[in-house]
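Listed below, chain by chain, are the residues.
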Amino acid sequence: MNDNKRRTVLIVDDQNLFVEGLSHLLKRFDNLDIIGTVDNGNDVISFVKKNSPDVILLDLNLPGKNGVEILEEIRAFDNEVIISILSMYADYSLSKKCKKIGANAYLTKDADLDELRKVIFEIGPNDFYHSKLIFEQNRVQSIKQDKFNKFALITSREKEIIRMLVKGLTSPEISEKLFISLATVQTHRKNIFNKLKVKKVSELIRLAYENNLS
Amino acid sequence: MRTIFHKGFLLLLILFLSWRFGMAQTCVLVVDSSFEQASLSNYVSYTSVKSFQGFKNALDSIEYSDLSKHCEKEMSPGFSEEVFLISFEIENFNNSNYDYFLELNNPHIDSIVLFEFIGSNDVIEIGVAGDRMLFNERPIENRRFIFPIALKKGEVKKFLLVVNKRNASVSFPTYLWSKEEFEKLEKRNGLFYLLYFGGVIFIFLFSMVIGLMMRNVRMLSYGLYAGSMGLYLFIALGFGFQYLYPNSITLNNTLRTQILVISLMTFVLFSSLFMNLHKEYKRQHKVLMIIFSFLVVLSLGSFIFESFFFQHIIFFLNVIYILLVLTLPIFLYSAYISYRKNPTLIIAYLIALSALFTGAIINTLIEYGWINEDNIPFNTVLLGSIVELFVFSLTFITEIKTINDKKNSLLQEQAKQQKKLVSAYVRGIEEEGGRISKELHDNIGSRLAILKNQIDYLDIDRKKIKDQVVDIFSDVRQISDELSPSKIQILGIVPSIEELFSQLIAGTDIKVNFYADEIPDLNNDNAIQIYRVIQEIIQNIVKHSGATEVDCQILKGETNDEGALIMIDDNGKGFNTHDIDKNMGFGLKNMRFRIESVGGKIEISSNEGHGTHIMIWCVRG
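Keep in mind the model is a prediction, meaning the values are calculated, not measured. (Residues numbered from 1 in each chain as written. Chains lettered and ligands numbered in written order. Predicted model: local features only at pLDDT ≥ 70, side-chain atom pairs only at ≥ 80, totals over all residues. Heavy atoms only, no water.)

## Details of the overall build of chain B
For chain B, the helix and strand inventory stands at 19 helices and 15 strands. Long-range pairs, those at least 24 residues apart, make up 74% of the contacts in chain B with a sequence separation of at least 6. (Helix = DSSP H or I, 4+ residues; strand = E, 2+ residues; numbered from the N terminus. Contact = heavy atoms within 4.5 Å.)

## Focus on the interface of chain B and chain A
As a measure of interface size, the accessible area lost when the parts come together is often cited. On the side of chain A, 43 residues touch chain B, which itself brings 39 residues to the contact. In total, about 3,700 Å² of surface goes out of reach between chain B and chain A, with carbon and sulfur atoms giving 54% of it. A per-residue breakdown of the area chain B buries against chain A is headed by B:Arg477, B:Ile490 and B:Tyr515, which together make up 18% of the total. Counting across the interface, chain B meets chain A through two salt bridges. B:Glu498 is paired through a salt bridge with A:Lys96; the nearest N and O atoms lie 3.8 Å apart. Where chain B touches chain A, the interface holds 10 residue pairs in polar contact (both at pLDDT 80 or more). Looking at the side of chain B that touches chain A, the elements with two or more residues in it are α14 (462-483), α15 (487-491), α16 (493-505), β11 (511-516), β12 (549-556), β13 (564-570), β14 (601-606) and β15 (612-618) of chain B. Classifying every residue of the side of chain B that touches chain A gives 16 nonpolar, 12 polar and 11 charged. Inspection of the sheet shows strand β7 (residues 141-142) of chain A paired to β11(B) by two bridges, in the parallel sense. (Buried area = accessible area lost by both parts, 1.4 Å probe. Salt bridge = Lys/Arg side-chain N within 4 Å of Asp/Glu carboxyl O. Polar contact = N/O pair within 3.5 Å; in protein donor to acceptor, adjacent residues only side chain to side chain. Nonpolar A, V, L, I, M, F, W, Y, C, P; charged D, E, K, R; others polar. Pairing = 2+ DSSP bridges.)

## Notes on the packing of aromatic side chains
Residue and element names in this part refer to chain B. Using the criterion set out here, one finds 37 aromatic pairs over all chains in the structure. Taking 5.7 Å as the distance between ring centres and 70° as the angle between the ring planes, the aromatic pair formed by Trp-177 and Phe-182 counts as edge-to-face. Assessed through its relative accessible area of 3%, Phe-182 is described here as buried. Where Phe-331 meets Tyr-349, the ring centres are 6.3 Å apart and the plane angle is 70°; that geometry is what we call edge-to-face. One end of the pair, Phe-331, is in helix α11 (residues 313-338); the other, Tyr-349, is in helix α12 (residues 343-367), and 18 residues separate them in sequence. The buried category is assigned to Tyr-349, whose relative accessible area is 0%. Three or more aromatic residues joined by ring pairs make a cluster, and in this case those are Tyr-222, Tyr-225, Phe-267, Phe-270, Phe-274, Phe-331, Tyr-349, Phe-392 and Phe-396. (Phe/Tyr/Trp six-rings, centres within 6.5 Å; stacked < 30°, edge-to-face > 60°. Buried < 20%, exposed > 50% of the residue type's maximum accessible area, 1.4 Å probe, protein only.)

## What about the sheet that holds β14(B)?
The strand order across the open sheet built from six strands is β7(A)-β11(B)-β12(B)-β13(B)-β15(B)-β14(B), with neighbouring strands paired in mixed fashion. The open sheet has two edge strands, β7 of chain A together with β14 of chain B, and neither has a second partner. Across six bridges, the pairing between β13(B) and β15(B) is antiparallel. Looking at β15(B), one finds that B:Ala564 is bridged to B:Cys618. Sheet strands touched by α16(B): β7 of chain A together with β11, β12 and β13 of chain B. Its angle to β11(B), the strand with the most contacts, is close to 180°. (Axes fitted to C-alpha atoms, helices over the stretch in contact; angles between N-to-C directions.)

## Quick notes on helix α5 (residues 217-236) of chain B
All names here are of chain B. Across its 20 residues, α5 extends 28 Å between first and last C-alpha, which sits within 8% of the 28 Å expected from 1.5 Å per residue. Burial of α5 is extensive: 16 of the 20 residues sit out of reach of the surface. Regarding α5, its N-cap is Asn-216, as a side-chain oxygen of that residue lies 2.9 Å from the backbone nitrogen of Arg-218 further along. A positive backbone phi angle near 95° is found at Gly-238, which sits one or two residues after α5. (Expected span 1.5 Å × (residues − 1).)

Here you go:
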């Protein structure tokens, strides 16, 4: 296979058999040089500084520093090198996290040759590519703090407690009614007040009426 | 039957009365060789004068002949400002000279002068004593007032005793002793008082040390009470003047009242704490604490404004008595209402209290002259105090023992529980290991074997084989994930939990609303335990709750050490919380064990039909 640019690649992984297999696979690309393999997290930075590879294929689980730490350290001094995570984990959150701290790709270890080619030869320093990951459907709904709707963060349990507070129940009464300890009611109360940025029950009542909560 | 009984009773009464009067009519106390001790009250004639301008004037104002007219009158003066003039006659019926001791059994009398009659109308002073003199100026150094009297063989002497006992002082039972008998009595008494006050000091030190060690305010207050009460009795019995401050007349006059106020003060405090009013009946405790603070002020005042205090001592004594009368019903009421909660404590308190008060009341009756002291040869307050201290100490000892026993059995229970959990944990690991081994062997192993055989054929379907490898690959990944959540370290606890939710609700219709603050990194061990517990919680929600919506919020703890507060609420069918408390399932117990093992706290609340609500407080570790 041919691609116009010549690429130097560093493989960081502690599983020798996997590194061997991968190297073997990558030899199919003509204009690709594997300039090194590193099997310890602590040796990566010095190697990168010395040899400046074009692409780094980086595992996450490593003896010494882990992949995320290495990624952060490299990005502190080099924004050009293409870094692709190559991990057994197929987690969406991990991929998201790696993207956030500067990875250019997130490949799972069962990635096929086509994906590898794409990552090594096609993507640029500002791109992000990831393999098909598991659990992309029915993700949890991440809630963001909403300036306009303070109630977005209030859980259903907290709403229940707000209703009781609006009705004029005291913390001990709520504790008795919900079969929870007084300390728990007070924790809820404090959290509600924090989230809604109110200081008094009267303000809470007003806010609750405004939002049709009672 | 009845008439015989009546007649017998009447006969006895007549005999008794004639015996008493027979004694009283002998005005001269005749002492022979068998004489040991006699109360003078049956042998005296006395009179009293109201305004007292010194002994000479007092003597001038009475007719001596009056004194001999009343020899049947018993001497029970009670409270009074009067000065008493008492005359008595002693005849030595022995064959030799004899030494006697005249004892006034009251350690606090202002002044006493003993005169001897010369002829029928004149007297000479033979001894002076009283609280207005230093201790070592007394004729005999004793906590009471003792006058030595010597009579020659066959001699008859008539004496006049003038007692100025001031308003505050009380009765003064007077006895004549043979010197030998008196010394025997002193030895006996000395041993008794040594035991009593030694006991008080022991109780005081013991309670203070144990109270401080166990940080038990009840024990401390008991020590203070026993100590101050003991000190009060020590002073009241005259030992204070003898041993503590023999050179200070002022202290002898003031300290007794001051310590009395302190004893009352500690008594109020102790009673409230002893009955646990400070924990269970706060209102009663508050009232008692107001009285307590008043007594503190009073006692401080009595030291700081000493002269003012003692100028108005009658007023302050009345205030103290009123306070005492006020507190007593509060004590009794508190005892009544808290009886149900702690019957043994209250019974002990009532026995102790009634012992002391009976002693004090009898003593007061004696002081007012309503009971003849001759009938009660011991100090009733002291006796009441002994019973009281015994009962209280016994209560405390039993209490400490009960606490200790409880602690021991709790420890044993805990150890048992721990053992159970550890063995369950080990069993869990074994089972898990077995399951994974079976999975690797039966599932992965046999699938790889089939794959190997398929590759041997020439007409292999590469696509089919690749799909099989992908399947095996994903199974291995899942097994590895279950074995160890190693990615927590890489990902951090919050995204790991988010991922966990996504993984476990995959393929269900459950909607998860997830919110997390930026939280500080947790210690890895803590993070793993919390991750495992949340894993179990989500599995329970997915498997058992039937919930359609789950709220998960991870909030930053208030302090840096606090780490995070994790709340997980579902809208599932819930369960009855009372059932888990009684018979908490192993899974729930295990969750609690895990969380508590890393210093956290978990609270699970649920109501049938109203979902389950879980809060986990975790520390950073």
